[in-house]
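Letter by letter, the chains look like this.
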Amino acid sequence: MNDLTPTREQRTAALEGMGCKRKRVEDARFTQGKGNYVDDVKLPGMLHGDFVRSPHPHARVKSINSEEALKVPGVLAVITAETLKTVNLAWMPTLAGDVQMVLADGKVLFQNQEVAFVVATDRYAADDGINKVVVEYEPLPVVIDPFKAMDKDAPVLREDLAGKTSGAHGPRKHHNHIFEWTVGDKDLTDAAFRKADVTIKEMISYHRTHPSPLETCQCVCSFDKIGGELTIWGTFQAPHVIRTVVALIAKLPEQKIHVISPDVGGGFGNKVGAYPGYICAAVASIVTGKPVKWVEDRIENLTATSFARDYHMTTEIAATKEGKVTGLRVHVLADHGAFDACADPSKWPAGFFNIVTGSYDFPTAHLSVDGIYTNKAPGGVAYRCSFRVTEAAYCIERGMDILAQKLGMDPAELRMNNFIRKEQFPYHSALGWEYDSGDYHTAMRKMMETVDYAGLRKEQTAQRAAFKRGETREIMGLGVSFFTEIVGAGPSKNCDILGIAMFDSCEIRLHPTGAGIARVGTKSTGQGHETTWAQIIATEIGLPANNIMVEEGNTDTAPYGLGTYGSRSTPVAGAAIAMAARKIKAKAQMIAAYKLEVHEGDLEWDIDGFRVKGLPEKTMSMKDICWAAYNSVPPGMEPGLEAVSYYDPPNMTYPFGAYICVMNIDVDTGVYKIRRFYALDDCGTRINPMIIEGQVHGGLTEAFAIAMGQEIRYDPEGNVVTGSFMDFFMPTAVETPHWETDFTVTPSPHHPIGAKGVGESPNVGGVPAFSNAVNDAFSFLGSTHIQMPHDYWRNWKAAKNLGVFAA
């Protein structure tokens, strides 16, 4: 080897493969204002649509008069439910097996529900037009409180379901009931509670919130009457699913529907499902023969598109007096709003909430969930979580803190005593999951040692003594959270959407010069796929990541995939990418053997090419193999170097983490100060540590927002009172705490590269850490549980109710 020959370390670094802190390639266009979003799409003759929306949460629609609206200059059409009935599009299926009005059909069921769609030459004319549409309403009694939805005298909300005693997920026991879902051994769990030394029972509510992506939901639909083809540009997290849904609803041949999802300004679950705006814009384009754009505003996004959470969880834990858990019993009242439009896999009406046993070795557990209708917007999407996993983690993590308080034990000690042990993996939970791998004790110990947990508890003891002496008006809380998430939906044996298995896909095509393109069935909404997908390929086939272009979001070119949400991208699509790359590597090995005149078995992989075993100087680089693939392949082999992989995962993946929040609260004002927040995540193999850190920062900021003030709140009459960023807490850099991140690495044994996913984890673990900090602070004053969100006013109110507020 001469001095100019790159070392192995230099060759590895040149690839910028897995483990490298490669800079995001997407940012070159984003930081220069060159992103291409839906609202940047401008087509010749394009029209604009806007909605007339209901001011009432529940009302009969007596009449809709559009005469004055049609006189407004620029207004071309007003579409109503009656219009849509002529093409059988007045109602559309939801991903949860329900049906939903596209436009109000006889009545409205939530405030700001879509009533009519005005089509005009520009957005301003459309806005003028909607203000001229006259709608006569007959107000009806409302149901906002989910605990009153199944009262005997509760008004009937879904009149279209009259007489139907069963739904998509089994029997209905009330006219406002959607489903009951149960899992676990009830008899064994009940027996555990009868024998328990100690039990706790608490209503733990996870309030309604909203993903509120920076870019709202929007689309452009263009129908070609000659070819009968519909092209849709939209803010879609799952473009192929949208194409299939449109084909099913509009009865158009699927090959004549082209869905393009360009740059998307955040999704967080809000952009998974189909909305009336998509259907109405498509119908308007078909009717007018011109492209139609629909862009919702912020108030519409917050009040009418898919919400998150609204789970009310009666939580019971049984334990020995020494602090060993023996049983878990949870009942959930799930508020789904006016329609069941959850974006969950079809067989899971409550998502993966049965991960509620968390990181703990519960011998037995039982879960029941009742879904109900109310006069609120529909949804229930996975806002930076994996199908109700955030709710489950909050439930069990608050429950463990409440149990620790009753036992007089330290919350961290209680968790350590009940963790699933490393040698128990793969672990079968009491509610049916098979956890792939974990090392919980190591992660917890690292967190406690890093923050000096024992020292913080001593400081808290001293601070509480000072409070009792009147020397301070601040109380100190330590919020411990240890979560296990279930991500990577999912295996076809138990995961599908509308009957389509939740696999994902990748097509890789290498060019003669050693460059290539990868087309993937996912869709980045900020995760950095163009960066990280190329890194997986770089490591697998030995070509620099900069030589690989990644393309997503176009259903005409990308192989069919189920999209990006619920931290499924790396566990499923990342695996598909690795498997496609390995198919290419296998063919490359045959070409290299032919060119080097040896048997395939005589070759071994060496970073960026193959070498002959025992003759390290006899090599062929992957770049040279690419050239050979197009001019001198072995006899009988097809030229070219490309592969497609559809990956159906054998199991989910189970990332986990140990978080702690150190917080002070002023009891006289309710003002809190986040003194420290430490987040340790284990997401298995780490593809790009810098992108992981960015994902954790973003998820923690959303967790902070949710726990400390973010809420979609209704008054008793059904009016949304937090429908803009004036009232809906959206933290800026001013409010956001400093995040301290860390990690351990426990690879998934069944994933091709050992990765587990991380994008949702900080939201899953962050929310209970914040809430536990608040509750820990107030616990020494006699409080057991204070509901979220923990804004200044609620903190002050809690102090007042506990008698410590100085008037």
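Reading the values: rules and limits
- Residues numbered from 1 in each chain as written.
- Predicted model: local features only at pLDDT ≥ 70, side-chain atom pairs only at ≥ 80, totals over all residues.
- Heavy atoms only, no water.
- Helix = DSSP H or I, 4+ residues; strand = E, 2+ residues; numbered from the N terminus.
- Contact = heavy atoms within 4.5 Å.
- 1 Å grid on protein atoms, 1.4 Å probe; cavity = no way out; pocket = protein on both sides within 12 Å on 5 of 7 lines; lining within 4 Å.
- Points joined across faces, edges and corners; volume = space filled by probe spheres on them.
- Nonpolar A, V, L, I, M, F, W, Y, C, P; charged D, E, K, R; others polar.
- Salt bridge = Lys/Arg side-chain N within 4 Å of Asp/Glu carboxyl O.
- Buried < 20%, exposed > 50% of the residue type's maximum accessible area, 1.4 Å probe, protein only.
- Pairing = 2+ DSSP bridges.
- Axes fitted to C-alpha atoms, helices over the stretch in contact; angles between N-to-C directions.
- Phe/Tyr/Trp six-rings, centres within 6.5 Å; stacked < 30°, edge-to-face > 60°.
- Lys NZ or Arg CZ within 6 Å of the ring centre and 35° of its normal.

A. Representation of the side chain of N795. Here N795 lies in helix α19 (residues 792-801). When residues no more than four places from it in sequence are discounted, the contact partners of N795 are I665, G670, Y672, V774, F778 and H790.

B. Highlighting empty space enclosed by the protein. On inspection of all chains with the given rule, the structure shows five cavities of 30 Å³ or more. Roughly 220 Å³ of internal volume is contained in the largest cavity. Around the largest cavity, the lining is made up of 25 residues, and of these Q100, G273, A274, Y275 and A341 lie nearest the centre. Of all elements in the fold, only β4 (91-93) and α7 (239-250) reach the threshold of two or more residues within the lining of the largest cavity. Within the lining of the largest cavity, the residues separate by chemical class into 16 nonpolar, eight polar and one charged. As a volume, the second largest cavity reaches approximately 50 Å³. Forming the boundary of the second largest cavity are L95, A96, H169, F179, D340, C342, D344, P345, S346, W348 and P349. Looking at the lining of the second largest cavity, its residues break down into seven nonpolar, two polar and two charged.

C. Seen up close, the pattern of salt bridges. One pass over the structure, following the stated rule, counts 58 salt bridges. For D310, the salt bridge identified is with K376, shortest N-O distance 3.3 Å. Residue D310 is found in strand β17 (residues 308-319), and its partner K376 is found in the loop between β19 (365-372) and α10 (389-407); the two are separated by 66 residues along the sequence. Here the two residues D310 and K376 agree in accessibility, since each one is buried.

D. Representation of the sheet that holds strand β11 (residues 177-184) in the model. Judged by pairing direction, the sheet is mixed, and its five strands sit side by side in the order β11-β19-β18-β17-β12 without closing on themselves. In the strand order of this sheet, the two ends are held by β11 and β12 (198-209), each with one partner. For this sheet, the mean inter-axis angle between neighbouring strands, taken without regard to orientation, is 10°. Bridging between strand β18 (residues 325-335) and β19 involves eight bridges; their strand directions are parallel.

E. The sheet that holds strand β8 (residues 134-139), seen in detail. Spatial strand order, β6-β2-β8: three strands in an open sheet with antiparallel pairing. In this open sheet, the two strands that pair with only one neighbour each are β6 (107-108) and β8. One ladder, built from two bridges, connects strand β2 (residues 59-65) with β6; its direction is antiparallel. For A59, the partnering residue across the bridge sits in β6 and is V108.

F. Summary view of the pairing of β18. With eight of 11 residues buried, β18 is to be regarded as a mostly interior element. Of the pairings in the sheet, the one linking β17 to β18 comprises nine bridges and is antiparallel in character. If you follow M313 over to β18, its bridge partner there is V332. A loop of five residues connects β17 with β18, the two strands running antiparallel in sequence, and G323 in this loop sits at a positive phi of about 95°.

G. Molecular detail of the pairing of strand β29 (residues 609-612). When strand β28 (residues 603-605) meets β29, the two strands line up antiparallel, connected through three bridges. Its bridge partner being in β29, W605 is matched across the sheet by F610. If you look at the hairpin formed by β28 and β29, you'll find three residues sitting between the two strands, and I607 has a positive phi there, around 65°.

H. How the structure looks around the packing of aromatic side chains. Taken as a whole and assessed by the stated rule, the structure comprises 38 aromatic pairs. Aromatic pair F677 and W739: ring centres 5.3 Å apart, planes at 90°, arrangement edge-to-face. Taken together, the residues F677 in strand β33 (residues 672-682) and W739 in the loop between α17 (689-708) and β34 (740-743) connect sequence positions 62 residues apart. When its relative accessible area of 1% is taken as the criterion, F677 is described as buried. Here the guanidinium or amino end of K585 rests over the ring plane of W605, the centre of that ring lying 4.5 Å away.

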